[in-house]
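Tertiary structure, described
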Amino acid sequence: MESRSAASNPFTPGFGNLPRVFAGRKGEFADLRVMVDRLAAGIHEPPRLVTGDRGIGKTTLLLEFETEQNEAGRWVVRGAATPGGTVIARLAAQLAEVLDRRGVAGRLSGAALGGIRRLSGVEIGPRGLAAESATPPATSPADRAGELARLLIEAAHLAREGGTVLLVLVDEAQNIDRATVGDLFSAVQEAQTQVVIEVDRRSGARLRHSLPIGVVVAGLPGLVAHLSAAGSTFGERSKPVELGVFDDADLREGLRAFATAGGGVFDADALELVMEASGGYPYFLHVVGSHVWNAGTGSVVTRADAEAGIAAASAYLDAFYEERLRGLGERQRQYLDAAARLDPADRTPGRIAEQLGTSSRRLASTWQSLVGRHGLLRSAGGDGRLAFELPGLDAYLRRSPR
Ligand SMILES: Nc1ncnc2c1ncn2[C@@H]1O[C@H](COP(=O)(O)OP(=O)(O)OP(=O)(O)O)[C@@H](O)[C@H]1O
Ligand SMILES: [Mg+2]
């Protein structure tokens, strides 16, 4: 059994790293599991579109899902999109690797094997995957969407015969360029709309089965607008999964589990303080939790540890806020400052404009960009109120006037 020390600190501040304990997200996870079960039964399931602010836990959700599904014998491919637009090459290479590992790569048609080579540079020969690492081809094939669709369809047929499900996970989808958005999502749609018709031997009834191919795409909140700007209807055809901050119950349970994993326990006061300081924002949870943990060595994390740790963490949170505010125009910053000064219940475009001595109509583009492009504000409920996306940003703006 581990005991509390800096070495046993269970918190891992950062991005895209798998946390020691996976907290919350029960509803989202249950939905993903149902999606896989239904696909396994041959029932169509729409793609999931996971959106949320930086550091809210999109990558972590995908990684946790991937780990669980791999263990359950599903075939999972995952690619993060980079501004370079190589996500299709990466997915095709991973698909080759998964099919090879499952011993079915040799059953792909010559055309599909050629597709893998043209899309990703990976060669599958008679003895399986060529050992040398492939370099993606300099030019993509003329019919990239068609090649990818064929590959996905053949792989999904093989998954069906193997009694499993093919899962395609795409992260950082806001980075996918327009041409790639079109190719990737039309291929995915083609594969997802394929049907296999089976006749029930006893009743003679014809039953339509979808191919078992599930799709989960994650990105920043502007992703839906990005997809439709690229002319794709993928956003509208998907089921949205909007990730927000942890609620209090998940946060409390998560923090207790973290402490146990590190060989310690929070006393009740310390727990409340850490909850409040993190605002339920996953990235902050790790930054605050980590400092609070290291503020003492006793097996009980005390109120004094929490106070000292939160004070030590505040410079890191401030740096994060500053980073998020960088690159804003003067008007946008004034808008946020004015919103922060108002009581949360009064944060309407009208009241904010009043603070700035103008009309809300003249500021419409300012608040739209703060909501859409920057993701710093969001509409809160139906009464036109705006709220800060990032917990504590309003307090930060109030205490750091320029
Ligand atoms: N469910 C969770 N339980 C515990 N820790 C989590 C959870 N979700 C996220 N975290 C932690 O929060 C941090 C940020 O998470 P993650 O990198 O997944 O965010 P993201 O939404 O992918 O951000 P970005 O948009 O920058 O890629 C990581 O340190 C991660 O370990
Ligand atoms: Mg991420």
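Residues numbered from 1 in each chain as written. Chains lettered and ligands numbered in written order. Predicted model: local features only at pLDDT ≥ 70, side-chain atom pairs only at ≥ 80, totals over all residues. Heavy atoms only, no water.

Here the focus is the overall build of the protein. From N to C terminus, the protein includes 16 helices and 13 strands. Buried residues in the protein amount to 48% of all 402 residues. Long-range contacts, defined as pairs at least 24 residues apart, comprise 72% of the intrachain contacts of the protein with a sequence gap of at least 6. Total accessible area on the protein is roughly 18,600 Å²; 50% of this is exposed by carbon and sulfur atoms. Charge-centre separation for the protein: the mean point of 46 positive side chains lies 4 Å from the mean point of 48 negative side chains. (Helix = DSSP H or I, 4+ residues; strand = E, 2+ residues; numbered from the N terminus. Buried < 20%, exposed > 50% of the residue type's maximum accessible area, 1.4 Å probe, protein only. Contact = heavy atoms within 4.5 Å. Areas by Shrake-Rupley, 256 points an atom, 1.4 Å probe, with all protein chains shown as cover. Lys, Arg positive; Asp, Glu negative; His and termini not counted. Charge placed at Lys NZ, Arg CZ, Asp CG, Glu CD.)

Time to look at the sheet that holds strand 8 (residues 213–219). One open sheet accounts for five strands, arranged 2-5-8-1-9; its pairing is parallel. Strand pairing shows two members of the sheet lacking a second neighbour, strand 2 (75–80) and strand 9 (239–242), which therefore form its edges. Ignoring strand direction, the axes of neighbouring strands in this sheet form an average angle of 15°. Pairing analysis gives four bridges linking strand 1 (residues 48–51) to strand 8, with the strands arranged parallel. What sits directly across from Val-50, in strand 8, is Ala-218. Along the sheet face, helix 1 (residues 26–40) touches strand 1, strand 5 (166–171), strand 8 and strand 9 and points at about 155° away from the line of strand 8. (Pairing = 2+ DSSP bridges. Axes fitted to C-alpha atoms, helices over the stretch in contact; angles between N-to-C directions.)

This part takes up the packing of helix 4 (residues 110–120) against helix 5 (residues 144–161). At their nearest, the axes of helix 4 and helix 5 sit 9 Å apart, and the two run at 125° to each other. Considering their axes alone, helix 4 and helix 5 lie oblique with respect to each other. Viewed along their axes, helix 4 and helix 5 form a crossing whose handedness is left-handed. Along the contact surface, helix 4 presents Ala-111, Ala-112, Gly-115, Ile-116, Arg-118 and Leu-119, while helix 5 presents Arg-144, Glu-147, Leu-148, Arg-150, Leu-151 and Glu-154. Broken down by class, the residue content of the contact of helix 4 with helix 5 amounts to six nonpolar, one polar and five charged. (Parallel < 35°, antiparallel > 145°, perpendicular 65-115°, else oblique. Left-handed = near helix turned anticlockwise from the far one by under 90°. Nonpolar A, V, L, I, M, F, W, Y, C, P; charged D, E, K, R; others polar.)

Take the site of ligand 1 next. Neighbouring ligand 1 are 24 residues, the closest being Gly-14, Gly-16, Ala-23, Lys-58 and Thr-60. The backbone of Gly-55 places a nitrogen or oxygen atom 2.8 Å from an oxygen atom of ligand 1. Between ligand 1 and His-286, the relevant distance is 3.0 Å, taken from a nitrogen atom to a side-chain nitrogen or oxygen of the residue. Considered on its own, ligand 1 offers 630 Å² of accessible surface; in the complex 98% of this is hidden by protein. Listed by contribution, the elements that provide at least two residues to the shell around ligand 1 are helix 2 (58–71) and helix 11 (282–294). (Near = heavy atom within 4 Å. Polar contact = N/O pair within 3.5 Å; in protein donor to acceptor, adjacent residues only side chain to side chain.)

Membership of the largest hydrophobic core comes to 66 residues, with the highest contact counts inside it found for Phe-65, Leu-255, Phe-266, Leu-336 and Leu-393. Counting residues in each nonpolar core, the second largest holds 48 residues, with Val-77, Ile-88, Ile-213 and Phe-234 among its members. (Core = buried A, V, L, I, M, F, W, Y, C linked by side-chain atoms within 4.5 Å.)

Here the focus is unusual backbone geometry. With phi around 60°, Arg-25 is a residue other than glycine that occupies positive phi space. Mapped onto the elements of the fold, Arg-25 is located in the segment before helix 1. On the basis of relative accessibility, which here comes to 7%, the residue Arg-25 falls in the buried class. Phi angles above zero are rare outside glycine, and Glu-172 is one such case at about 55°. Secondary-structure assignment places Glu-172 in the loop between strand 5 and helix 6 (178–192).

A few words now on the pairing of strand 13 (residues 385–388). Two elements, strand 12 (residues 377–380) and strand 13, share four bridges in a ladder whose sense is antiparallel. Opposite Arg-378, over in strand 13, you have Ala-387 as the bridge partner. Taking the residues between adjacent antiparallel strands as the criterion, strand 12 and strand 13 are bridged by four residues, where Gly-381 takes a positive phi near 75°.

Attention shifts here to the pairing of strand 6 (residues 195–199). Pairing analysis gives five bridges linking strand 6 to strand 7 (residues 206–210), with the strands arranged antiparallel. What sits directly across from Glu-198, in strand 7, is Leu-207.

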